[in-house]
Each structure stands twice: as structure tokens, then as C-alpha cells.
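# Architecture at a glance
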Amino acid sequence: MNSNNHTISVSERNLEFYQSLGFLSAKDVLAERGPRPLELFKTMLRPISASPLKRYGPSHDGGYVIANEILSSSDKVYSYGVGLHPHECQFDLELAAIGKTLFLYDGTINQPPLNHPNFVFKRENVNSTRILSHLKDNGDFNQTNLTLKMDIEGAEYETLINCEEIVLGHFSQIIIEIHDILDSLTRASFGLPLDEIDLFCLLRRLLIHFEIAHVHANNYGKVLEEIPDVMELLLIRKDHVVASTISPSPFSFPIAGLDFPNDPNQKDISLTWWEQ
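### A few points about the packing of helix α3 (residues 37–44) against helix α9 (residues 181–189)
For any two helices packed against each other, one specifies the inter-axial angle together with the distance between the axes. Interhelical geometry of α3 versus α9 gives an angle of 135° and a closest axis separation of 9 Å. The angle between α3 and α9 places the two elements in the oblique class. Listed contacts from α9 to P37, L38 and F41 of α3 are I181, L185, A188 and S189. In terms of residue class, the contact of α3 with α9 is made up of six nonpolar, one polar and no charged.

Structure (C-alpha cells):
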């Protein structure tokens, strides 16, 4: 934010937001130019080429794509949002079966729908202060190669925007479902400053530390102008990505054999905007 005392306009605030992302040149700033919210969203969500990726969990809702090589050196997984039904916990079960310790948190259930000796469950929802407490409670405050899976129905915004900066450094990859995308883009298009819109604040914070390696649209949600309301993202921390190999993903999504529709009775949603 501008530190001057005078009140700045929405356009000035948005320019500062664009500049914080490094997307604008000095010439663009002088011309007071910036991408429209939809274009900015598409620019921020451009996956890089990453491999090998592997899917864990069912071939429908509840399955997630993960960077398998990074996972191989990560012994512990923090899973926020377990769910009531067995398929919602199958991802966790499969990781536990290959020797990972799963710390499961969900304040909406009494116990996980599936069980495994490697499960450590606590009936508690996460927020921006609790996530650091969980790391400390589990003896992981000095760990930097943990895996995070988060599907908490919109609470991801408060949790990851407001958590302490050091929290993100504990996780080498994040598998996250983000919600209410269309509402955020609508509010931005009506002139609400971008630094007041959780979607953009969350992506800005994550992209400081991570690269997007995989995207998938949840086809239970709405779609408008090829933008889904709910998306699953895989993010890899930048120190696990070789800078010289960073390039735009050659794939359109979904990827056959890796991605499957959340709702198996409906066609999957195609995501291709970085190819345009």
C-alpha cells in the first residue's frame, strides 16, 4: 500500500498491486495501465512444466495430483479437510499406506471415515493462527519438507493470507482447492480494489514462494468464460524447481490418465488459456 497520507484511488491501488507482482514495466505504470482482473487471474495461473506427477485417491472427487519425487523425501502430510465419506479420505489413506504420517484436521467430523495406523486425527478446524500451532505441537517447527493438502471450503483464504510468513516455508508442496473464484472476479470487475479481494491476495502470497505445477477444474462448480468457480492447484516451492528448467506447461488440462472429473457423470472442464 501507498504510505502517503492522501487517499489514493482504486486505480492507483490496483497499479500498486500489479507492481507488487512484477507484471508491469515503468512505461505501463506511467501510462496507468494494467490488466483487467480476468486477464490478471489468467496470468497468475499459468502452470509450469513439472514432472513426475502422480494421482493419489479416487478417479473422481477426492483424488489429487502431487509431485511424486518431492513426496518421496517428505515423511509427513498435513491434511486439512477430511470429510464424511470414505472417498474423501482415500487420498490420505493411500499416502499412509506408503509410509507417510498423516496429520488430519477437521472440526466437522468426530473421526475419519477410514482409518490407518499412520493417521493422527484431531477434531479441529484450521485457521491462520492454528496452523503454526499444529506444526509446533507435532514437533515439525524445524521441518521444511512437509506436504500440505487443504480443501476447507473457502477457509483457505483467511488461513493462508493471514498465517505467519514462516508457515509457508515448512511445506515443499501444497495441494489446495480454491473456492468462489467467480464471485471474486465479479467483485473485481465492479471496481473493488484487488488488495481487498481474497483470491488475488492469496495467489499473490503463494506465488512469492511457489510455482503452479498443475491445475484442475472441479466440475461440480459453475464455469463462466472458461473460468471455473472451484479449482484444484498443485504448487511446488521454488527452491524445489530448477530455475533453468522453468517453462510454461506444454499441456492443456485435464491430462488423460492423470485427471478425472470430480463429478463422473459430467464432462471434465478444459483449461487452456495459457496456450492462447
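### Some thoughts on unusual backbone geometry
Following F253, the chain continues into P254 via a peptide bond in cis, with omega recorded as 10°. A positive phi is found at E225, a non-glycine position, where the angle reads about 50°. In this structure, E225 sits in the loop between β9 (223–224) and β10 (227–228). Taking relative accessible area as the criterion, E225 reaches 57% and is therefore assigned exposed.

### Quick word on the sheet that holds strand β3 (residues 76–80)
If you trace the seven strands from one edge of the open sheet to the other, you get β5-β4-β3-β6-β7-β11-β8, paired in mixed fashion. Strands at the two margins of the open sheet, each flanked by one partner only, are β5 (119–122) and β8 (210–217). When strand polarity is set aside, the average angle formed by the axes of neighbouring strands in this sheet is 15°. Two elements, strand β7 (residues 171–178) and strand β11 (residues 231–237), share six bridges in a ladder whose sense is antiparallel. When the sheet's bridge partners are listed, I178 is paired in β11 with M231. In the packing of helix α10 (residues 198–209) onto the sheet, the strands contacted are β7, β8 and β11, and the crossing angle to β8 comes to about 130°.

### Quick word on the pattern of salt bridges
One pass over the full model with this rule turns up nine salt bridges. Here K122 and E124 are joined by a salt bridge, their closest N and O atoms 3.7 Å apart. Classification of K122 as partly exposed rests on a relative accessible area of 38%. Residue classification places E124 among the buried positions, given a relative accessible area of 17%. What you see here is one network of salt bridges that share partners, running through R13, D195 and E196.

### What to know about α10
In a regular helix each residue adds 1.5 Å, so 12 residues correspond to 16 Å; α10 covers 17 Å between its end C-alpha atoms and thus fits that length. Here α10 has its buried residues at L199, F200, C201, L202, L203, R205, L206 and L207.

### Some words on the pairing of strand β4 (residues 101–105)
Among the five residues in β4, four count as buried, and that is most of the element. Handedness of the crossover joining β3 and β4 through helix α5 (residues 86–97) is recorded here as right-handed. Both β4 and β5 contribute to a ladder of four bridges, which runs parallel. Within β5, the residue paired with F103 across the bridge is V120.

### A short note on the environment of S252
Within the secondary structure layout, S252 lies in the segment after β11. With a relative accessible area of 31%, S252 lands in the partly exposed category. Distance from S252 to P47, taken between C-alpha atoms, is 9.8 Å for residues 205 residues apart in sequence. Filtering out sequence-adjacent residues up to four positions away, S252 remains in contact with L271, T272, W274 and E275.

### Remarks on the packing of aromatic side chains
For the coordinates displayed, the defined rule picks out six aromatic pairs. Ring geometry for F41 against W273: centres 6.1 Å apart, planes inclined by 50°, an arrangement best described as tilted. Of this pair, F41 sits in helix α3 while W273 sits in the segment after β11; the two residues are 232 residues apart in sequence, bridging distant segments of the chain. Judged by relative accessible area, F41 falls into the buried class, the value being 0%. Of the residues examined, W273 reaches a relative accessible area of 2% and is grouped as buried. Between the aromatic rings of Y64 and F91, the centroid separation amounts to 5.2 Å while the plane-to-plane angle is 80°, which identifies the pairing as edge-to-face. Of the two residues, Y64 is situated in strand β2 (residues 64–67) and F91 in helix α5; the sequence distance between them amounts to 27 residues. Overall, F91 belongs to the buried group, its relative accessible area being 0%. What links up through ring pairs into an aromatic cluster is the set Y78, F103 and F171.

What counts, and where the lines are drawn
- Residues numbered from 1 in each chain as written.
- Predicted model: local features only at pLDDT ≥ 70, side-chain atom pairs only at ≥ 80, totals over all residues.
- Heavy atoms only, no water.
- Axes fitted to C-alpha atoms, helices over the stretch in contact; angles between N-to-C directions.
- Helix = DSSP H or I, 4+ residues; strand = E, 2+ residues; numbered from the N terminus.
- Parallel < 35°, antiparallel > 145°, perpendicular 65-115°, else oblique.
- Contact = heavy atoms within 4.5 Å.
- Nonpolar A, V, L, I, M, F, W, Y, C, P; charged D, E, K, R; others polar.
- Buried < 20%, exposed > 50% of the residue type's maximum accessible area, 1.4 Å probe, protein only.
- Pairing = 2+ DSSP bridges.
- Salt bridge = Lys/Arg side-chain N within 4 Å of Asp/Glu carboxyl O.
- Expected span 1.5 Å × (residues − 1).
- Right-handed = clockwise from strand over helix to strand, strands pointing away.
- Phe/Tyr/Trp six-rings, centres within 6.5 Å; stacked < 30°, edge-to-face > 60°.

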